Amino acid sequence: MAPTIAPVPKDLKARFKTLRQDMPNQDPIARGKNFQEVALGFDAEAAKLEAYRCIYCKEPDCVNGCPVGIDIPGFLHEVEKGDFSSALGILKSTNLLPAVCGRVCPQEEQCESLCKTGKSKGNKPVAIGRVERFLADWERAGGVAKPQEVAPATGKKVAVVGSGPAGLACAADLARAGHDVVIFEAFHKPGGVLVYGIPEFRLPKKIVADEIAALEKMGVEIVCNFAVGLTATLEQLQEAFDAIFVATGAGLPYFMDLPGENLGGIYSANEYLTRVNLMGAFDPDHNDTPVVRGKNVVVVGGGNVAMDAARTALRLGAEKVRLVYRRSHDEMPARGEEIEHAEEEGIDFTLLTTPVRYLGDDKGRVVGVECRRMELGEPGPDGRRKPVEVAGSEHQYPADVVVVAIGNGPNPLVPRTTPQLETKKGKIVAKDDSGRTSMKGVFAGGDIVLGAATVILAMGAGRKAAASMNEYLATGAW
Amino acid sequence: MEFLKQSFELLEKRELAPKVTLYRVLAPQVAKARKAGQFVIVRVCEGSERIPLTIADADPVSGSVTLVVQEVGSSTARMAKVPVGGCFADLLGPLGAPTHVAKMGTVVCVGGGIGIAPVHPIAQAMKAAGNRVIGVLAARNTGLLFFREEMRKACDEVRVWTDDGSDGKKGLATDAIREIQAEGPIATVIAIGPVPMMKFVSKLTRELGIPTQVSLNPVMVDGTGMCGGCRVSVGGKAKFVCVDGPEFDGHQVDFDELSRRQAIYKEDERHAMERLQKEVR
Ligand SMILES: Cc1cc2nc3c(=O)[nH]c(=O)nc-3n(C[C@H](O)[C@H](O)[C@H](O)COP(=O)(O)OP(=O)(O)OC[C@H]3O[C@@H](n4cnc5c(N)ncnc54)[C@H](O)[C@@H]3O)c2cc1C
Ligand SMILES: Cc1cc2nc3c(=O)[nH]c(=O)nc-3n(C[C@H](O)[C@H](O)[C@H](O)COP(=O)(O)OP(=O)(O)OC[C@H]3O[C@@H](n4cnc5c(N)ncnc54)[C@H](O)[C@@H]3O)c2cc1C
Ligand code: SF4
Ligand code: SF4
Ligand code: FES
C-alpha cells in the first residue's frame, strides 16, 4: 500500500527532542524464575508520545525496511492523534498479526534501522514495533475489534498445509475472499513456531490462540493431527482441493555430529522448546511430558533460538546457563533486545568457543562439554570473519543439560513424499513472489521456501501467495 | 476423498493378557493410508504425553486401526481408563517408513512379549508377498501370550516359546531361531520386542549370517522428524527413528545406547504416575 503522506510537521525540533519512550520490563531477577512475559508494553500516553517522534518523511525509508511495506507514517499519524481505531485499520490492512510481529520482529534491523529520526544526530529511531504491539494489545483489551468481512462464497476449496504464520496469514486472506479453507497441521495444536518454539515469556500463547479463534470464526477449518505426505499425500489433496498452499516451515534440527552427542540430556533446541512450550513440561503438576532440568546448562549457538533456549533453561531452575558461541558478540545473529535481556538475566556468554565433544557418566547422561577456543580469521564469502579453532585450547565445562541451537533445515516431509515437487537444497522452489511451485495449483511460502527466516517474512509470503491463489482460482491461468 | 476433522473414538477394547489391552480406534484416514511397519502417535488427553504405538491391524472399511498396548506408565494407564465410546484427544499417523516387503523365501517373524502386536502386520504383508512365514511368539510365560489366532492366520506356521516352559517350548527367542535354522535356510529375520531380546537375536543372526530387521522404540515427541529426540546410532551414524525407521538392520544398531536413552526420564515417569494416582483418589 502506498504510504499516506501526512503534512510535514512544523514542530520538527520538538519532535526530535522527544525521547524514545522506554518500555517497562519485568525485573530481571524475578522474571528469571517465571514464564510470564518479560516486556510489559506501552500505555496509551507512551504510544502517543512515541508516535509524535515521527516526522512523516515524504520518502519514508522505514517502509522500505519493513518486509511487507506497512504504511508506517500513516498509522503513526493516527496514533499521534489518538485515533487508535483508524491506526489499527491501516496497520492490519498489511499486517495480519500485529500483536505477534510487534513482539518478535527484528525491528532494529528492519523498519527501525532506516528510520530518519534515528539518523538525526544523537537520536534513536521511532519504536515502530512497540507502537504496533500497543495497538494490537489495545484492540485485544476490548478496543474496537472490527469483525472481519468475508466475501460471498466462491465455492472453491483451498488447502493450507502448516499452521505457522505463513499458513495462518494465507488462510485469513483466502477466507476473506470467500473460499472454503482447510488448514492441515501435523501437531495437535495450531500455530507453528509461534506455539512450539517461541517461549511464553516472549510471546504469550493466548495471543496466538486468539488469532486462531478469529480465523475459525471466519469459517476456516483447522484439521490437526494430519501430516501431509503421510496421512494423505499432496497429490491426494490435489484431487479434493482447487489450490494448495504449502507452509511447512524449517523444522529439521541440525546436530554437529560430535562424539557423545547422543548422551541423555543433550537436546536439539526444537526438542527442548517443544517439550517446554507445546507439551508444558515447565508445569509437571499438569503435564506428563518431562524435560531434564539441569543445574549447569550449556546452550550452543548465538541466534534467537539459542537465546530462547538459554532463557528457558534459567526459568526451569538452572543455576548456571552458559551460551557457547563460536564467533564474537557482534556476529551473534539474535535480536539485540533478546541478547540484552539474556545478559540482564545473567546468562553467561562464552564467546569464540565451540564444543568438540561431550562427556558422559556410566548411565549415559551428559556431565560435561569439551570446548576449543576460536579466533576470527579472514572474512568468508558472507563477509563475516570466519572462526578458526585454536589448537591446544581444549577446556571443559560441567553440563547436565546441553541444548544444540545451531539452526534448522527445511522440513523434508512434503518434499520427500512428493517426488514431482521441485526443490533446491531441501527447500521448495517457488517461482517468484507469487509462490507458484512446479506443480499446478500448488503454492508455497514461508520458511519452507526461504529457509529459517522471520515471522514477518513468512506472513508476507502467505499473503502474497493468497493474492496469486485468488487470481489463479478466478482465471485458472498458471 | 473427504478430509475432515477426525475424532478418535474408541470402538472396541479388550484385555489380551494382564496389562495388555487391544484398542480399536476410529481413524479412517490412517486406516486407509497405513502400511505394515508404521505407527501412530497418541495423546490420550489434555496434559498427557505424545506416545508412539504400532498399528497392529487396520480395517479401511470400518475406518479403524487396532493398537495393542502394554500398560507401563502414566500415558498407557490413562489410555486404559478411556471407555468404549470415549475418544483419544489426538492420534497422528501413519508415521515411519513402511517395512520393506519383498519375496525372499523363508521369513521368520519373532514377536517378543508386547512385540507380538507390531510383528503381526509385517507377517501379514510378508505372507501376501509370497514368502513362507514362520511366526515365533516368545514370552516369559503363557499368561503373557496373545494374538495366537491372529498370528496363525498371518503365518504359514507359528511356534511358541516361553522362558519358563509354561507354553510351547522352553527357551528364548534365540533358541527358536537356532531350531528353525537347523531345519533349513532362513532368508530374513524380523525381530520385535524388548531391547535385550532384539539385541541378542541380532547378535546370533550376525553369527549365522542371516539379515535381520528390528523395530526400535526410543522416546519420541513429534514423530515427524522435527525434534531429534528419537535418535539412535545405526552403523555409527545418528538416525531419527520416527522417519528413518522404525525398522533398521539389527546388525548395525547400538542397542546399549538405545537402552540408556530410554531410561533418561525414569524419575519424571514416576512423578507422572503419582500425579495420576492422586487424580484417581
Ligand atoms: C525458537 C525460535 C525463535 C524464533 N524467534 C523469532 C523472532 O524473535 N522473530 C522472528 O521474526 N522470527 C523468529 N523465529 C523464526 C520464525 O518463527 C519462523 O521464521 C516462522 O515461524 C516461519 O513460519 P512458517 O509459517 O513458514 O513455518 P512454521 O512456523 O515453522 O510452521 C510450520 C508448521 O507446519 C507444520 N507442518 C510441517 N510439516 C507438515 C506436514 N507435512 N503436514 C502438516 N503440517 C506440517 C509444522 O508442525 C508447523 O506447525 C524463531 C524461530 C524459532 C524456532
Ligand atoms: C515406534 C514405536 C512403536 C511402539 N509400539 C508400541 C506398541 O505397539 N505397544 C506398546 O505397548 N508400546 C509400544 N511402544 C512403546 C510405547 O510408546 C511406550 O511404552 C509408551 O510411550 C509408554 O508411555 P507411558 O507414559 O505409559 O510410560 P512411561 O512411564 O512414561 O514410560 C515407560 C517407558 O516407556 C518409554 N517411553 C516413555 N515415553 C515415551 C515416549 N513419548 N515415546 C516412546 N517411548 C516412551 C520409556 O522407555 C520409558 O522408560 C512403541 C514405541 C515406539 C517408539
Ligand atoms: S511488521 Fe516488523 S518490520 Fe514491519 S513495521 Fe512492523 S515491526 Fe517493523
Ligand atoms: S522513517 Fe522514521 S520518521 Fe520517517 S516516516 Fe518512518 S518512522 Fe517516521
Ligand atoms: S520423534 Fe521427534 S524427530 Fe523423531
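Now for a quick tour of the structure. (Residues numbered from 1 in each chain as written. Chains lettered and ligands numbered in written order. Predicted model: local features only at pLDDT ≥ 70, side-chain atom pairs only at ≥ 80, totals over all residues. Heavy atoms only, no water.)

Let us now look at the nonpolar core. Counting residues in hydrophobic clusters, the biggest one holds 82 residues, and the most contacted among them are Ile72, Phe75, Leu76, Val79, Leu135 and Phe245 of chain A. A total of 9 residues in this core trace back to one element, the largest contributor, which is helix α19 (residues 455-475) of chain A. (Core = buried A, V, L, I, M, F, W, Y, C linked by side-chain atoms within 4.5 Å. Buried < 20%, exposed > 50% of the residue type's maximum accessible area, 1.4 Å probe, protein only. Helix = DSSP H or I, 4+ residues; strand = E, 2+ residues; numbered from the N terminus.)

Before going further, it helps to spend a moment on the site of ligand 3. Residue and element names in this part refer to chain A. In the vicinity of ligand 3 lie 13 residues, with Cys66, Cys105, Gln110, Cys111 and Glu132 positioned nearest. The greatest single-element share of the shell around ligand 3, amounting to 3 residues, is contributed by helix α9 (residues 128-140). Among the residues forming the shell around ligand 3, the class breakdown is 8 nonpolar, 4 polar and 1 charged. (Near = heavy atom within 4 Å. Nonpolar A, V, L, I, M, F, W, Y, C, P; charged D, E, K, R; others polar.)

Residue and element names in this part refer to chain A. Within helix α16 (residues 336-345), burial applies to Glu337, Glu338, Ile339, His341, Ala342 and Glu345. If you follow the buried residues of α16, they end up packed against α2 (28-31), α9, α15 (304-315) and β9 (348-350). Just beyond α16, the residue with positive phi is glycine 346, at close to 100°. (Contact = heavy atoms within 4.5 Å.)

Residues and elements named next belong to chain B. In the region of ligand 2, 24 residues are neighbours, and Pro52, Val68, Gln70, Ser75 and Thr76 sit closest. Methionine 220 places a main-chain nitrogen or oxygen 3.0 Å from a nitrogen atom of ligand 2. Here ligand 2, which alone exposes 860 Å², has 90% of that area covered by the protein. Residue assignment for the shell around ligand 2 shows that the elements contributing at least two residues are β4 (50-54), β6 (64-70), α2 (74-80) and α9 (266-280). The biggest single contributor to the shell around ligand 2 is β4, with 5 residues. When its residues are assigned to classes, the shell around ligand 2 shows 12 nonpolar, 8 polar and 4 charged. (Polar contact = N/O pair within 3.5 Å; in protein donor to acceptor, adjacent residues only side chain to side chain. Areas by Shrake-Rupley, 256 points an atom, 1.4 Å probe, with all protein chains shown as cover.)

Pairing is possible between side chains of opposite charge, provided their charged atoms come close. All names here are of chain A. The tally for this structure, following the rule as stated, stands at 52 salt bridges over all chains. For the salt bridge of aspartate 61 with lysine 116, the shortest nitrogen-to-oxygen distance reads 3.8 Å. Within this pair, whereas aspartate 61 is found in helix α4 (residues 61-65), its partner lysine 116 is found in helix α8 (residues 116-119), the two being separated by 55 residues in sequence. Residue classification places lysine 116 among the partly exposed residues on the basis of a relative accessible area of 33%. (Salt bridge = Lys/Arg side-chain N within 4 Å of Asp/Glu carboxyl O.)

With that out of the way, let us pick up the packing of helix α6 (residues 195-208) of chain B against helix α8 (residues 255-262) of chain B. Residue and element names in this part refer to chain B. Between α6 and α8, the shortest axis-to-axis distance is 10 Å and the interhelical angle comes to 175°. Classified by the angle their axes make, α6 and α8 are roughly antiparallel. Counted together, Val195, Met198, Lys199 and Ser202 of α6 and Phe255, Asp256, Leu258, Ser259 and Gln262 of α8 form the full contact between these two elements. The residue makeup of the contact of α6 with α8, split by class, is 4 nonpolar, 3 polar and 2 charged. (Axes fitted to C-alpha atoms, helices over the stretch in contact; angles between N-to-C directions. Parallel < 35°, antiparallel > 145°, perpendicular 65-115°, else oblique.)

From the geometry alone we can't say anything about function, so treat these as descriptive.
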